[in-house]
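# Secondary and tertiary structure notes
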Amino acid sequence: MIYLDNAATSWPKPFAVIEAVNRSLSVYGANPGRGGYQMSVDASVAVFGVREQLNEFFDGYGPETVCFTQNCTQALNTVIRGTLRPGDHVLISSLEHNAVARPVHALTKSGEITYDVFPVFSDVSKTGAALEEKLRPNTALIVVTAVSNVFGTILPIKELAEAAHRHRIPICVDGAQAAGVLPLKMRETGIDFLCVPGHKGLLGPMGTGALLTSNLALRPLLFGGTGTGSLSLDQPPVMPEMLESGTLNVPGIIGLGKGIETVAEMGVNTVYETETALCRTLCEGLRAIPGITVYGNGTDTPQAPLVSFDLEGRHSEDVASALADAEIAVRGGYHCAALAHRFAGTTETGTVRVSPSFANSQADINKLLNLVEKIAFYKNL
Amino acid sequence: MSQKFYRVNSVTYAVKGRDALLRNGYRAEIVKNPDPSRGGGCGYLLRVDNADSRCLDILRRNGVRAFAAPEGETRR
């Protein structure tokens, strides 16, 4: 199989990640932060090591501000539900994933908050102006994705953070597609909350993610055991355990640490350049096929290394299915991003999304192009 | 120099504090608070075998909120 769905989850995982997960099940088999015996303490130390790795990788505010989550969605929900109060207003971009749009929409439907969507343009100043135009006196949070998961559009996070801070509003960044592929630096860029998955560009196992905060207060999404202050029925207000009720996914976290190590050794810029070169070949090839529309990539604006396209007269799921029959894994449909498809006018057929990794080759892309050409030519394929 | 115990807020701060003390030449270990009924319930202590008056300062400079544990708290 040629795997080109790394925007959904990266595969194959490095052998070092698989080995680390396997080893952790034996070596770190005790519950961290619960016992005083050696294996429990060792597990706590190992988990702390991965907090340090994440903090360093994302230029964070200290390992104790790094909270582990099941995924990026849980981290985003924690920020949205943990900061907003009744009567607040929140601003989100037109390219948000449902992980942002749905919790915001749900809180709006229940009458607790209101929200607005600001459009994203290729012109950074236009995007900044669009955001400022939608601000209200009660805007309490801005949530933006670093990269559109459908079109690869890179949002101007630094400029948006500056605009947010001019109005003393915190900014939360969804790093689902950017983490491990593009540099994301919290302090340098002014990010208040950074939500990342562990299993995509960071090469960790599924079921891992993290929320990095700038020490701003958050209310927990989950309440329960933290291993501390057990006699009190109040959730201990100490980060990061305050946001980590229940047993941590230690094997996943240890695997994530190895994934981060792998990416750091390669260098985020190398990953980006390698994957972008593949996307460039793909875009050029797709544009030469009659009936194909390529979205986003290939313009003068820098893009993240993923490509969305559609084929005239065919639903994207049909095309993805035909590719799957030939053992090529891509994703068709709407990619859990209703807002982005409405904004781009692609709600009728969705798009076929191709997201290579540094492990793919130009030969993989050529095979895909060859097959897309056939699908476009033979209507019944 | 003598053995001392320091109470910290969580296991995360225990690891952070232990690392800071080790970097400064102290023999520090993470131990479970032997009497969870004191100090609000379960928690961790740092046991420093060669403790002196600088330990608390090192912990606080490294962002670890710590308190010297009273003698009785370190024994069940």
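Since the structure is predicted, the reported quantities are computational estimates derived from the model, not experimental observations.

## So, the pattern of salt bridges
Counted by the stated rule, this structure contains 11 salt bridges over all chains. Between Arg187 of chain A and Asp59 of chain A there is a salt bridge, and its shortest N-O distance comes to 3.0 Å. With Arg187 of chain A in helix H7 (residues 186–189) and Asp59 of chain A in the loop between helix H2 (38–57) and strand E2 (66–69), this pair connects stretches of sequence that are 128 residues apart. Judged by relative accessible area, which is 17%, Asp59 of chain A ranks as buried. Measuring nitrogen to oxygen at the nearest pair gives 3.0 Å for the salt bridge that ties Arg47 of chain B to Glu29 of chain B. Remark: Glu29 of chain B occurs in strand E2 (residues 28–32) and Arg47 of chain B occurs in strand E3 (residues 44–51); sequence separation between them is 18 residues. By relative accessible area, Glu29 of chain B is classed as partly exposed at 37%.

## Some words on unusual backbone geometry
Residues and elements named next belong to chain A. Residue Pro12 follows Trp11 across a cis peptide bond; omega there is 0 degrees. Looking at the secondary structure, you find Pro12 in the loop between strand E1 (2–3) and helix H1 (15–27). Here the bond from Met239 into Pro240 is cis, since omega is 0 degrees, no more than 30 degrees from zero. With respect to the element layout, Pro240 can be found in the loop between strand E8 (209–213) and helix H8 (250–266).

## Notes on the sheet that holds strand E10 (residues 307–311) of chain A
All names here are of chain A. Ordered in space as E9-E10-E12, the three strands form an open sheet in which the pairing is antiparallel. Each of the sheet's edge strands pairs with one partner strand only, and the pair in question is strand E9 (292–295) and strand E12 (352–354). Neighbour-to-neighbour, the strand axes of this sheet turn through a mean angle of 30 degrees, independent of strand direction. Of the pairings in the sheet, the one linking E9 to E10 comprises four bridges and is antiparallel in character. Among the inter-strand pairings, Thr293 is bridged to a residue of E10, identified as Asp310. Packed onto the sheet, helix H9 (residues 268–287) meets E9, E10 and E12 and runs at close to 15 degrees relative to E10.

## Digging into the interface of chain B and chain A
Listed as interface residues are 18 residues of chain B and, on the opposing side, 22 residues of chain A. In total, chain B and chain A occlude about 1600 Å² of area from one another, counting both sides; carbon and sulfur atoms represent 61% of this. On the chain B side of the interface with chain A, the three residues burying the most area are Thr12, Cys42 and Tyr44 of chain B, jointly 30% of the side's total. Where chain B packs against chain A, one counts one salt bridge. Of the charged contacts in the structure, one is a salt bridge between Lys16 of chain B and Glu64 of chain A, with a shortest N-O distance of 2.8 Å. Remark: the boundary between chain B and chain A carries six residue pairs in polar contact (both at pLDDT 80 or more). Listing elements by their share of the side of chain B that touches chain A, those giving two or more residues are helix H1 (11–23) and E2 of chain B. Considering every element that reaches the side of chain B that touches chain A, the biggest residue donor is H1 of chain B, with seven residues. Of the residues assigned to the side of chain B that touches chain A, the class counts are seven nonpolar, seven polar and four charged.

## Digging into the packing of aromatic side chains
Scanning all chains against the criterion turns up four aromatic pairs over all chains. Aromatic side chains Phe57 of chain A and Phe58 of chain A sit 5.0 Å apart centroid to centroid with 80 degrees between the ring planes, which places their arrangement in the edge-to-face category. Of the two residues, Phe57 of chain A and Phe58 of chain A, both sit in the buried class. Relative to Tyr378 of chain A, the ring of Phe377 of chain A has its centre 5.0 Å away and its plane inclined at 90 degrees; by these criteria the two rings are edge-to-face. In this structure, Lys126 of chain A is placed above the aromatic ring of Phe121 of chain A, and the distance from its NZ or CZ to the ring centre is 4.5 Å. Sitting over the ring of Tyr44 of chain B, Lys32 of chain B keeps its end group 5.8 Å from the ring centre.

## With respect to the pairing of strand E1 (residues 2–8) of chain B
Residue and element names in this part refer to chain B. Looking at chain direction, E1 and E3 are connected through five bridges and run antiparallel. Bridged to Tyr6 within E3 is Leu46. Summarising the sheet, E1 and strand E4 (residues 66–68) pair through three bridges and their orientation is antiparallel. Its bridge partner being in E4, Val8 is matched across the sheet by Ala66.

## Considering the domain arrangement of chain A
All names here are of chain A. Examined at the domain level, chain A breaks down into domain 1 (15–265) and domain 2 (268–377). Inter-centroid distance (C-alpha atoms) of domain 1 to domain 2 is 28 Å. Counting the surface lost from both domain 1 and domain 2, the interface buries some 2100 Å², and carbon and sulfur atoms represent 67% of this. Area buried by domain 1 at its contact with domain 2 is led by Val150, Phe151 and Val181, which between them contribute 32% of it. At the boundary of domain 1 with domain 2, the tally comes to seven residue pairs in polar contact (both at pLDDT 80 or more).

## Quick notes on the nonpolar core
Residue and element names in this part refer to chain A. Leu54, Phe58, Ile142, Val144, Leu194 and Leu202 are the most contacted members of the largest nonpolar core, which totals 59 residues. When residues are assigned to domains, this core turns out to be shared by domain 1 (15–265) and domain 2 (268–377), each giving three or more. Setting aside residues no more than four positions away along its own chain, Leu54 makes contact with Val66, Phe68, Leu202, Ala210, Leu212, Leu256 and Ile260. Within the second largest apolar cluster, 28 residues are counted, among which are Leu278, Val307, Leu323 and Ile328.

Analysis parameters
In this numbering scheme, every chain counts its residues from 1 along its sequence in written order. The order in which chains are written sets their letters, starting at A; the order in which ligands are written sets their numbers, starting at 1. Per-residue local features are limited, in this predicted model, to residues with pLDDT of at least 70; the limit for side-chain atom pairs, both in listing and counting, is 80 or more; totals at the level of whole chains, interfaces and linings are taken over all residues. Where side-chain values are given, they derive from all heavy atoms of the structure, hydrogens and water being excluded. Think of a salt bridge as a Lys or Arg side-chain nitrogen and an Asp or Glu carboxyl oxygen that are within 4 Å of each other. Secondary structure follows DSSP: runs of H or I at least 4 residues long count as helices, runs of E at least 2 residues long count as strands, and numbering of each begins at the N terminus. Think of it in three bands: with a 1.4 Å probe and only protein chains considered, a residue is buried below 20% of the maximum accessible area for its type, exposed above 50%, and partly exposed in between. By the convention used here, strands pair only if DSSP detects at least 2 bridges between them. Every axis in this analysis is a line fitted to C-alpha atoms, fitted for helices over the stretch in contact. Angles between the N-to-C directions lie between 0 and 180 degrees. For this analysis, residues touch if any pair of their heavy atoms sits within 4.5 Å. We define buried area as the total accessible area lost by two parts upon association, computed with a 1.4 Å probe and summed across both. Under this definition, polar contacts are N or O atom pairs within 3.5 Å; protein pairs additionally need one hydrogen-donor-capable and one acceptor-capable atom, and for neighbouring residues in sequence, both atoms have to be side-chain atoms. Gly is put with the polar residues, along with every residue not named as nonpolar or charged; the nonpolar set is Ala, Val, Leu, Ile, Met, Phe, Trp, Tyr, Cys and Pro, and the charged set is Asp, Glu, Lys and Arg. Classification of ring pairs uses Phe, Tyr and Trp, with its six-membered ring standing for Trp, and accepts pairs whose centres are within 6.5 Å; under 30 degrees between planes counts as stacked, over 60 as edge-to-face, and the remaining range as tilted. Each ring is checked for a lysine NZ or an arginine CZ that lies within 6 Å of its centre and within 35 degrees of its normal; such an atom marks a charge sitting over the ring. The domain boundaries here were taken from an automatic or database domain assignment. Residues belong to one nonpolar core when they are buried, are Ala, Val, Leu, Ile, Met, Phe, Trp, Tyr or Cys, and are joined through side-chain atoms within 4.5 Å.

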